[in-house]
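Breakdown of the fold
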Amino acid sequence: DAGITQSPRHKVTETGTPVTLRCHQTENHRYMYWYRQDPGHGLRLIHYSYGVKDTDKGEVSDGYSVSRSKTEDFLLTLESATSSQTSVYFCAINKGQSSSYEQYFGPGTRLTVT
Amino acid sequence: GNSVTQMEGPVTLSEEAFLTINCTYTATGYPSLFWYVQYPGEGLQLLLKATKADDKGSNKGFEATYRKETTSFHLEKGSVQVSDSAVYFCALKGDAGGTSYGKLTFGQGTILTVHP
């Protein structure tokens, strides 16, 4: 157990509405990540953080923003949700030394945009 | 950039059959390689890893060997069980000497179903 929780676990929202997903960790890890999982694509990185207020884009960042104002929380925001953002969203953290990091995942948030 | 290619699924086996799921990668330098497993309705769990060439990762009867000459990290298990039914993901972490920030690149996943 890597001490990662995600909220909400399920959400249905309408096209055009803003949505914020929260990732919370209890072990003070520096690196945090947001991925989305879609059939046939595996997991794709949306954004990541390497410290408080330090974030960067991943491969599928369009339409998403993130914030990290404290170590334990990493927020993912869809400013105006679209149907193409219907997906399962996973948060992850890195544990271990930099030469042998292991990445651990939260339970996921299933988001449906209607 | 980095990429990971897994064999197409789904894979359907009978209990006690031998399992192989192929994984090949493209990367510069010396990446670390991982296999993750996802059971229905759950998040991903780290199954095994290898951090340098010729390393063998193993866990719960699963094994994979890091083959730099063939850029492969195939997952194997000698005798599968019904409880092994899940989605399996191969993943790569870029060379620690670069600016990868520990990011993972995933394959598309392989669905395994094991029948009694």
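That block above? That's the structure.
A few points on the structure. Just so it is clear, the structure is predicted and the values come from calculations on it, not from any experiment.

Looking at the packing of aromatic side chains
In this description, a pair of aromatic rings is defined by centroid distance and the angle of the planes. On inspection of all chains with the given rule, the structure shows 14 aromatic pairs over all chains. Residues Tyr 48 of chain A and Tyr 50 of chain A carry aromatic rings whose centres are separated by 6.3 Å and whose planes lie at 45 degrees to one another, so their mutual orientation is tilted. Taken together, the aromatic side chains of Tyr 33, Tyr 35, Tyr 48, Tyr 50 and Phe 105 of chain A together with Phe 34, Tyr 36, Phe 89 and Phe 106 of chain B make up a single cluster linked through ring pairs. A cation over an aromatic ring shows up here: Lys 95 of chain A above the ring of Tyr 104 of chain A, its NZ or CZ 5.3 Å from the ring centre.

What to know about the interface of chain B and chain A
Counting from both sides, the interface comprises 19 residues of chain B and, opposite them, 24 residues of chain A. Summed over both partners, the interface of chain B with chain A comes to about 1,700 Å²; 59% of that surface belongs to carbon and sulfur atoms. Considering only the surface of chain B that becomes buried against chain A, Leu 44, Tyr 101 and Lys 103 of chain B emerge as the three largest contributors, covering 31% of it. Scanning the region where chain B abuts chain A turns up 1 salt bridge. The closest approach of N and O atoms between Glu 102 of chain A and Lys 49 of chain B, which form a salt bridge, is 2.9 Å. Seen at the junction of chain B and chain A, the total is 5 residue pairs in polar contact (both at pLDDT 80 or more). Secondary-structure elements contributing two or more residues to the side of chain B that touches chain A are β5 (32–38), β6 (44–50), β10 (86–93) and β11 (104–106) of chain B. When grouped by side-chain class, the residues that make up the side of chain B that touches chain A number 9 nonpolar, 6 polar and 4 charged.

Structural notes on the side chain of Thr 13 of chain A
Residues and elements named next belong to chain A. Along the chain, Thr 13 turns up in strand β2 (residues 10–13). Here Thr 13 falls in the buried class, since its relative accessible area comes to 10%. Dropping the residues within four chain positions of it, Thr 13 is found in contact with Val 19, Ala 81, Leu 111, Thr 112, Val 113 and Thr 114.

Considerations on the nonpolar core
Leu 19, Trp 35, Leu 47, Leu 48, Phe 73, Leu 75 and Tyr 88 of chain B are the most contacted members of the largest nonpolar core, which has 26 residues in total. Among the elements of the structure, β2 (11–14), β3 (19–21), β4 (23–26), β5, β6, β8 (62–65), β10 and β12 (110–115) of chain B are those that each provide at least two residues to this core. At 4 residues, the largest contribution of residues to this core is made by β10 of chain B. Discounting chain neighbours no more than four positions away, the residues touching Leu 47 of chain B are Trp 35, Tyr 36, Val 37, Asn 59, Lys 60, Phe 62, Leu 75 and Tyr 88 of chain B. With 20 residues, the next largest nonpolar core counts Ile 46, Phe 74, Ala 81 and Leu 111 of chain A among its residues.

Some points on the side chain of Arg 44 of chain A
Checked against the element boundaries, Arg 44 of chain A lands in strand β5 (residues 42–51). Reaching out from Arg 44 of chain A, the side chain makes a polar contact with the side chain of Asp 38 of chain A at a distance of 2.9 Å.

Quick word on the state of the cysteines
All told, the structure shown has 2 disulfides over all chains when counted by the stated rule. Two residues share a disulfide in this structure: Cys 23 of chain A and Cys 91 of chain A, whose sulfurs sit 1.8 Å from each other. An S-S torsion of about -70 degrees defines the bridge between Cys 23 of chain A and Cys 91 of chain A as left-handed. Of this pair, Cys 23 of chain A sits in strand β3 (residues 19–25) while Cys 91 of chain A sits in strand β9 (residues 87–95), and the two are 68 residues apart along the sequence. Classification of Cys 23 of chain A by relative accessible area gives buried; the value is 0%. Between the sulfur of Cys 23 of chain B and that of Cys 90 of chain B lies a disulfide, 2.0 Å long from S to S. With the S-S bond torsion at -70 degrees, the cross-link from Cys 23 of chain B to Cys 90 of chain B turns out left-handed. Of the two residues, Cys 23 of chain B sits in strand β4 while Cys 90 of chain B sits in strand β10, which places them 67 residues apart along the sequence.

What counts and how
Residues numbered from 1 in each chain as written. Chains lettered and ligands numbered in written order. Predicted model: local features only at pLDDT ≥ 70, side-chain atom pairs only at ≥ 80, totals over all residues. Heavy atoms only, no water. Phe/Tyr/Trp six-rings, centres within 6.5 Å; stacked < 30°, edge-to-face > 60°. Lys NZ or Arg CZ within 6 Å of the ring centre and 35° of its normal. Contact = heavy atoms within 4.5 Å. Buried area = accessible area lost by both parts, 1.4 Å probe. Salt bridge = Lys/Arg side-chain N within 4 Å of Asp/Glu carboxyl O. Polar contact = N/O pair within 3.5 Å; in protein donor to acceptor, adjacent residues only side chain to side chain. Helix = DSSP H or I, 4+ residues; strand = E, 2+ residues; numbered from the N terminus. Nonpolar A, V, L, I, M, F, W, Y, C, P; charged D, E, K, R; others polar. Buried < 20%, exposed > 50% of the residue type's maximum accessible area, 1.4 Å probe, protein only. Core = buried A, V, L, I, M, F, W, Y, C linked by side-chain atoms within 4.5 Å. Disulfide = S-S within 2.5 Å.

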